[in-house]
Every structure is written in structure tokens, then in C-alpha cells.
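Reading the structure
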Amino acid sequence: MTDQAPIIVWFRDDLRLSDHPALHAAARSGAPVLCLYLLDEHSKQIKAPQARPMGGATRWWLAQSLRALSARIDAIGGTLVLRQGAAAKVIPALAREIDASHVYWNEIAQAPHLAIADDVTEALADLDIGTESFAGDLLTHPNTIRMKEGRGLRVFTPFFKRILAMGGPAKPVPAPKKLIAAPKVKSDKLDDWKLEPSKPDWAGGLRESWTPGEVAAHRLLKAFLKNIQGYAADRDRPDRDGTSRLSPHLRFGEISPRQIWHAAQFTADEHPKLQSDIGKFLSELGWRDFCRHLLFDIPDLATRNLQESFDDFPWKTDRKALKAWQRGLTGYPIVDAGMRELWHTGVMHNRVRMVVASFLVKHLLIDWRHGEAWFWDTLVDADNGSNPANWQWVAGSGADAAPYFRVFNPILQGEKFDPDGDYVRRWVPELNNLSAKLVHQPWTATPMELKEAGIKLGSDYPMPIIDHKEGRDRALKAYKTIRSS
Ligand code: FAD
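In the annotation of an unreviewed UniProt entry, the protein is listed under the name Deoxyribodipyrimidine photo-lyase and assigned to Tardiphaga alba. One UniProt comment on the protein, placed under Sequence similarities (unreviewed entry), says "Belongs to the DNA photolyase family."

So, on to the site of the ligand. Neighbouring the ligand are 27 residues, the closest being Tyr-231, Thr-243, Ser-244, Arg-245 and Asn-350. A distance of 2.6 Å separates an oxygen atom of the ligand from a polar atom in the side chain of Thr-243. Between the ligand and the protein, one listed contact pairs a nitrogen atom with a backbone N or O atom of Asp-381 at 2.8 Å. Among the elements that line the shell around the ligand, the one with the most residues is helix α12 (residues 275–297), at six residues. Along the lines of polarity and charge, the residues of the shell around the ligand split into 14 nonpolar, seven polar and six charged. Two domains each donate at least three residues to the shell around the ligand, and these are domain 2 (138–170 + 214–297) and domain 3 (308–478).

Relative orientation of the contacting elements helix α4 (residues 87–97) and helix α5 (residues 111–126) amounts to 35°, with a least axis distance of 8 Å. As for the relative orientation of α4 and α5, their crossing is right-handed in sense. Contact with α4, carried on its side by Ala-87, Ala-88, Ile-91, Pro-92 and Ala-95, involves Ile-116, Asp-119, Val-120, Ala-123 and Leu-124 of α5 and no other residues of that element. Class assignment of the residues belonging to the contact of α4 with α5 gives a composition of nine nonpolar, no polar and one charged.

Another point: the domain arrangement of the protein. Structurally, the protein comprises domain 1 (7–136), domain 2 (138–170 + 214–297) and domain 3 (308–478). Taking only C-alpha atoms into account, the centre of domain 2 sits 27 Å from that of domain 3. Counting residues at the interface gives 21 residues for domain 2, matched by 22 residues for domain 3. At the boundary of domain 2 with domain 3, total buried surface from both sides reaches about 1,700 Å², with 58% on carbon and sulfur atoms. When the area that domain 2 buries against domain 3 is broken down by residue, the three leading residues are Asp-236, Pro-238 and Cys-291, summing to 30%. Where domain 2 packs against domain 3, one counts two salt bridges. Linking Arg-351 and Asp-236 is a salt bridge whose minimum nitrogen-to-oxygen distance equals 3.0 Å. The interface formed by domain 2 and domain 3 includes six residue pairs in polar contact (both at pLDDT 80 or more). In terms of residue count, the dominant contributor to the side of domain 2 that touches domain 3 is α12 (seven residues). Here the residues of the side of domain 2 that touches domain 3 sort into 10 nonpolar, two polar and nine charged.

Procedures and definitions
- Residues numbered from 1 in each chain as written.
- Predicted model: local features only at pLDDT ≥ 70, side-chain atom pairs only at ≥ 80, totals over all residues.
- Heavy atoms only, no water.
- UniProt positions renumbered as here; feature names shortened; annotations may be inferred.
- Near = heavy atom within 4 Å.
- Polar contact = N/O pair within 3.5 Å; in protein donor to acceptor, adjacent residues only side chain to side chain.
- Helix = DSSP H or I, 4+ residues; strand = E, 2+ residues; numbered from the N terminus.
- Nonpolar A, V, L, I, M, F, W, Y, C, P; charged D, E, K, R; others polar.
- Domains from an automatic or database assignment.
- Axes fitted to C-alpha atoms, helices over the stretch in contact; angles between N-to-C directions.
- Left-handed = near helix turned anticlockwise from the far one by under 90°.
- Contact = heavy atoms within 4.5 Å.
- Buried area = accessible area lost by both parts, 1.4 Å probe.
- Salt bridge = Lys/Arg side-chain N within 4 Å of Asp/Glu carboxyl O.

Listed below in C-alpha cells is the structure:
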């Protein structure tokens, strides 16, 4: 028993018990702890253009992740309370309801979330209730890596060098073994939030592909580190299981970047021959921070070209082509495989993300914001930083971006990174019987070869919606217009 007033721990994109600094501090205080998850679609900052509601795939993931978190909290004697509404209204009301002394949370270093947290702090201060926020969603806080004039770095390599020079992130903190339960209060029913699709239920592929939650995240990390040898090369091969698949778990904070960092470093210390693969993996994790640091400085990263010259870019409006791209019916097998993988599993291999993004922006001349929005709705790892930053990187309008004149050739990319065509055949089964030579360019097959493969181009599988050379030349011409403007 304790006569201490309860502490509320406000969970957001940190749906885990271990390395959760706010929960750790609350549990250590000896006070009763109430764990809260708030579905906030009401705060004015959430409605602002710089924030946006979650997409369909992330809403599905959130429901599964909350179930997993709730079971973990129950198991150590606590309860997860679900509420809905604007944070600055709901949290103070709940704090009064249970006579809480404090509310703790982990910071999300993104402008709308910081503004919401400020409003919550102010409303609680009026009630004499204390607040504390803790860092934990990044390797380093954006305030710690600045240039002399105070701006964040816009080039990845020096950025990552700074992280390494700092000796990496702080050590993770353990999960509490036990929580003292706070007074019982009403909780929303998760099903009433309708996060999961029902009519139609399009989430079958997501259910097949994923087990959301902290336990599954750590299991994945362990298995990945055991097999990390070859990552530096295999990470570019969509036909192999060469990457960690941790991105949606990171997106929801089921595992923290510093837990991953320290586990990987431990493996590198134990197995020095894995140093270079692990170094590459850590630098990828560094890209996640880089994108978030950009977002910290540029809250409208998803809507504004970082390079202003792109504001005059002659984008085309072509609904038919956009739809063909979204549905995986462009006639370019590697592009179509990626788009179908995305629709089925909620993720797409990184190499293929670059290829499909380049195809949309360069071959089809469709504004990167349309692609970003589609990814936002369909990715289970849709991230406020990584998604727009990578789209702008591919488009050429971003920070440290690929030059616009570098146009990925979808045939060569397929041949290089999916040499036997296994990835394409997995997601575009119409092309199953084509040889490795033809599977990335079926339109070059002879009528006999097509017949033998049992495929009619134009009806079973589309002809390319644009010729590669024509698309490339058109993209370069468009690029010249902004370069000379
Ligand atoms: P691993 O290779 O195992 O990498 C480990 C972790 O490093 C990833 O989980 C991720 O957190 C981080 N990471 C790796 N590559 C990148 C990168 N290029 N940028 C930022 N972080 C990276 N990643 C997202 O998490 N959310 C997104 O919304 C997202 N949108 C993207 C859009 C485009 C157009 C492109 C080209 C890339 C995008 N990425 C995004 C980055 C990357 O494709 C995914 O992080 C990666 O495919 C996830 O697979 P993994 O966890 O197996 O990666």
C-alpha cells in the first residue's frame, strides 16, 4: 500500500514497457501508476496542416499494438486506460478524477506534438499538477546536433559522424517489474475506436505478415542480429530476407532506437567480423534520426519542397497513370511488384521504394506529394520524418537529395537487384513462367515466348504505360525548365 498520489503515464508513439523512461521514472517513484493512451484526433495542432490523421494501415497496426501493450501492462499489475479527445482537455480531467500528482510522458520531438504537450503542461499547471517529459524516441535529440548558426545539419554523412562522435545514444532503461495500480476508472473500448477495417476487411495481408507488439519486435531484432552477416550487400536485394523489418515496430515505439543500437553494438563487440555489416545497419538507423531532425526544423516537410526551385516544377496531372501506379499495373514488373507488396503487407523493400518513387516522379512526372500521400495511407511504418524526407530525396527537392537528372532505369534496377526475378514472380504471378531474362521486360518477349509462358500482354499484364527512354527524356526536359528558371 502507498499513500502517494498516482502518476499518469501518457503513452503515444512509445508502446512498450522497456526503455520507456517516463514509465520507468513513474514506477520507481513508488506511486500508483495509471497508463493512458489517448486517441487524439481533436487537438487543434492535429488538425493543422503540419500534422495529419493516421493512414489506414497504421490505424490497423495501432489497434494490434495497443492490445499487446495492454496485456503487458496487466501482467505487471497495471491497467491501460483508453480515452479519446483533445489532450489538453482529457488529460487534466483524468488527472482530477484520480487526484494525480503528476503526468509523465516521453517527448515526441515534432512541432505539433511539442505544442500539444505545452498545452497539456499549461492546463495541468493551472490545477497544480506537475509534469515531466523524457527523451527516448531518437538516438539524439535534434537540439544536440546543430550548426554554428543554430540550424540542423542537411547532409547525412557529417550528421552521422556527429552521432558516432557522441559515442552513440544513452543506455536503455529496463521495464518495471511491477506497477502499483491506480484507482480504477472508465476506459473506452478499443473496438469502438474502429481502427480496423471491417467492410471491406482489407487487412488480411497485414495479419498474415506481421505480429505487432514489443515482444515480437525484440524477437525480430534477436533473429536479425543472429543472421546479420551480409547485411551491407543483402539490404539492397528485395528477393532476399536481408533486412530487419523493424520499421513499423520503431514507428510505434514498440522498440526504441537506442535498444537496437546497443544490442547491435553488443553483437559487434562479441563478433568483430560483423563490424562492417553492423556499422551499415547503424547508419540506416541514423537515417531515421536524420529524417526526424529535418522534420524538427521543417514541420511542413510533407508539403513543402525543401529546394524552392521545385515550386515551379511542371508536374503533370494524370489520374489514370497515378491509379495504374497505385495498383501495380504500370507494365514495369519491378514497380508493379513493389506496389503490390505494399498493398498486401503494408511495407515495401527500401530499394524498391526508391525505384517506384523515382518512376512516379520522373517517368510519370507526378508530384512527389501524391506518392507520399499514398505511402502514408498504405505503409504500416508510415513516418512523419522518413516518408516525406525520402520522397523529397528521390524527387531531388530535398536535403542531401539524389540529383534530379539521375533517373532510375526500372529494367536495370530489376535485373541488378532481383537477378533471378524471384521478387517479381512473388508479387506479379502473371509473369511466373517467364525466364529471368524476360521477367523484367516482358514486352521484349517474342509471341512464341509469351505463348509458352501462358501470358497475353495487354490483357493478362499491361504493356508499359510509358516507354523508358521517352519518360527519361521528358523528365530531363522538365528538370531543365527549373534549372534555368
Ligand atoms: P533495415 O534495413 O533493417 O533498417 C533498419 C532501420 O533503419 C529501419 O527500420 C528504419 O527505421 C531505418 N531506415 C532504413 N533506411 C532508412 C531510410 N532510407 N530513411 C529513414 N530510415 C531508414 N521508412 C520508414 O520507417 N517509414 C516511412 O514512412 C518510409 N518511407 C519511405 C519512402 C520512400 C520513398 C523511401 C525510398 C524510403 C522510405 N523509408 C521509410 C525508408 C526505408 O525504406 C524503410 O525504413 C525500410 O525499408 C524499412 O525496412 P527495415 O526495417 O527492414 O530496414
